[in-house]
Amino acid sequence: MESVWLTGASQGIGRALAIELAKEKRHIYASARNELALQELKQEIESLGYPGLLIPKPLDICKADDVHRVCEDIQHEGRLDKIILNAGTYHPAPATEFNCQALRELFELNVFGTAHCLEACLKTLRLQGGGQIVLVASLAAYRGLPDSAAYGASKSALIHLAESLYTELHAHNIEIKIVNPGFVETPLTDKNEFTMPQRVTAEWAAKTIVKGLDKSGFEIRFPWVFSQFMSLLRALPYGLYFRLIRRFVVSSNA
Ligand SMILES: NC(=O)c1ccc[n+]([C@@H]2O[C@H](COP(=O)([O-])OP(=O)(O)OC[C@H]3O[C@@H](n4cnc5c(N)ncnc54)[C@H](OP(=O)(O)O)[C@@H]3O)[C@@H](O)[C@H]2O)c1
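In this report, we go over the structure that sits alongside the text.

What counts, and where the lines are drawn
- Residues numbered from 1 in each chain as written.
- Predicted model: local features only at pLDDT ≥ 70, side-chain atom pairs only at ≥ 80, totals over all residues.
- Heavy atoms only, no water.
- Helix = DSSP H or I, 4+ residues; strand = E, 2+ residues; numbered from the N terminus.
- Buried < 20%, exposed > 50% of the residue type's maximum accessible area, 1.4 Å probe, protein only.
- Lys, Arg positive; Asp, Glu negative; His and termini not counted.
- Charge placed at Lys NZ, Arg CZ, Asp CG, Glu CD.
- Expected span 1.5 Å × (residues − 1).
- Arc of directions from axis to C-beta.
- Contact = heavy atoms within 4.5 Å.
- Polar contact = N/O pair within 3.5 Å; in protein donor to acceptor, adjacent residues only side chain to side chain.
- Pairing = 2+ DSSP bridges.
- Axes fitted to C-alpha atoms, helices over the stretch in contact; angles between N-to-C directions.
- Core = buried A, V, L, I, M, F, W, Y, C linked by side-chain atoms within 4.5 Å.
- Phe/Tyr/Trp six-rings, centres within 6.5 Å; stacked < 30°, edge-to-face > 60°.
- Lys NZ or Arg CZ within 6 Å of the ring centre and 35° of its normal.
- Near = heavy atom within 4 Å.
- Areas by Shrake-Rupley, 256 points an atom, 1.4 Å probe, with all protein chains shown as cover.
- Nonpolar A, V, L, I, M, F, W, Y, C, P; charged D, E, K, R; others polar.

Some remarks on the overall build of the protein chain
From N to C terminus, the protein chain includes 9 helices and 9 strands. A total of 254 residues make up the protein chain; the buried ones form 48% of that total. The protein chain carries 27 positive and 28 negative side-chain charges, and their two centres are separated by 7 Å.

A short note on helix α2 (residues 35–47)
Between the first and last C-alpha of α2 there are 18 Å, a value that for 13 residues agrees with the 18 Å anticipated at 1.5 Å per step. Of all the positions in α2, only Ala37, Leu38, Leu41 and Ile45 are classed as buried. With its buried residues spanning 100 degrees around the axis, α2 presents them on a single face. Opposite the buried face of α2, by more than 90 degrees, sit the exposed residues Leu36, Gln43 and Ser47. In this structure, the buried side of α2 is in contact with α1 (12–23), β2 (27–31) and β3 (54–56). Between the side-chain oxygen of the N-cap and the backbone nitrogen of Leu36 there are 3.2 Å, and the N-cap of α2 in question is Asn34. Positive phi appears at Gly49, one or two residues downstream of α2, with a value of about 100 degrees.

Some points on the sheet that holds strand β4 (residues 82–85)
With parallel pairing, 7 strands are arranged side by side in an open sheet as β3-β2-β1-β4-β5-β6-β9. At either end of the open sheet lies a strand with only one pairing partner, and these are β3 and β9 (219–222). Looking at each pair of strands side by side, their axes are set apart by 15 degrees on average, direction ignored. Pairing of strand β1 (residues 3–7) with β2 involves 5 bridges; the strand directions are parallel. Across the sheet, residue Ser3 finds its bridge partner in β2, namely His27. Across the sheet, helix α3 (residues 64–77) lies against β1, β2 and β3, angled at about 165 degrees from β1, the strand it touches most.

As for the environment of Phe222
On the secondary structure map, Phe222 appears in strand β9. Residue Phe222 is classed as buried on the basis of its relative accessible area of 1%. Setting aside residues up to four positions removed in sequence, Phe222 forms contacts with Leu139, Val179, Asn180, Pro181, Gly182, Val184, Val200, Trp204, Ala205, Thr208, Ile209 and Ser227.

Digging into the nonpolar core
Judged by nonpolar contacts, the single largest core of 33 residues is most densely connected at Leu6, Leu17, Leu21, Ile45, Ile84 and Phe222. Elements with a minimum of two residues in this core: β1, α1, β2, α2, β5 (131–136), α7 (202–213) and β9. Counting residues per element, this core draws most heavily on α1, which supplies 7 residues. Excluding residues within four positions of it along the chain, Ile84 makes contact with Val4, Trp5, Leu6, Thr7, Leu17, Leu21, Val134, Val136 and Leu213.

Description of the packing of aromatic side chains
All chains considered together, the criterion is met by 8 aromatic pairs. Where Phe183 meets Phe226, the ring centres are 5.7 Å apart and the plane angle is 35 degrees; that geometry is what we call tilted. Placement of Phe183 in the loop between β6 (174–181) and β7 (184–185) and of Phe226 in helix α8 (residues 224–235) is noted, with a sequence separation of 43 residues between them. With relative accessibility at 13%, the residue Phe226 sits in the buried group. The residue whose ring lies beneath Arg234 is Tyr142, and the NZ or CZ to ring-centre distance is 3.8 Å.

A word on the site of the ligand
Lining the immediate surroundings of the ligand are 30 residues, of which Ser10, Arg33, Tyr151, Val184 and Thr186 lie closest. A distance of 3.1 Å is found between an oxygen atom of the ligand and a backbone nitrogen or oxygen belonging to Gly8. At 2.7 Å, a side-chain N or O of Arg33 approaches an oxygen atom of the ligand. Calculation on the ligand without its partners gives an accessible area of 880 Å², and the protein chains cover 93% of this total. Put simply, the parts of the chain that give the shell around the ligand at least two residues each are α1, α5 (149–170) and α6 (187–190). The leading source of residues in the shell around the ligand is α6, at 3 residues. Grouping the constituent residues of the shell around the ligand by class yields 16 nonpolar, 11 polar and 3 charged.

Next up, the structure:
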């Protein structure tokens, strides 16, 4: 049976992913800080008829020692086939309130927290001769968007990391994938006050991600129409892109 280490499993996309992975009979090591929520998730998965499939491994990914300890624990329990690094957060931040501390806090979790996990699991995967690592970034990282300078920068850092590591890790039988979701209904987006185009449920997102894990290809992105739109934005020259975005910001502030 395949085993998966999943971070950010206590709520939102990660929680839905854990349930979807259990339905596929994969063994899940589920991490987040909220231990109670992980225990409740374990009970829910057992009540769905999948006893013993989920083992809570509470941790704070911002604490490197915690991450290494949990990863070594998992390694002692058996082979680790997939690692899904999903834990992360978002705070809207208007340019006029730009401050270094907020940027640092977001990077501590989204980039360095993920990097702690990456460092620990790369060691494990090298020792066992291969495996798969999945980083959850965002379609918001395709281009610099208003109100999300820090978030977009943190997620594009993950995409860049994954792209850079891809070729070298391939030679060690380690596959790296990136997941770029559009808007997904979770506690994270519940706080947004603007209209979120094509927002999908966490369950739909989880099904799409799980289907994509065993397909070839570096990127799993969704929903399709919104991801095509973001790809188009990414391809536009700066002048045209900024004109378009300015028009969008003016009309949404009107
Ligand atoms: N929702 C969207 O529309 C959307 C779109 C694009 C990308 N994403 C990305 O998808 C991922 C999941 O998002 P979501 O919407 O499901 O967010 P969410 O509902 O806020 O869930 C975030 C998860 O990360 C965990 N987490 C936060 N800080 C942590 C820490 N220091 N150590 C360990 N775990 C931590 C949280 O658990 P604890 O609080 O228990 O630690 C929680 O389980 C994020 O990386 C997000 O950026 C989301």
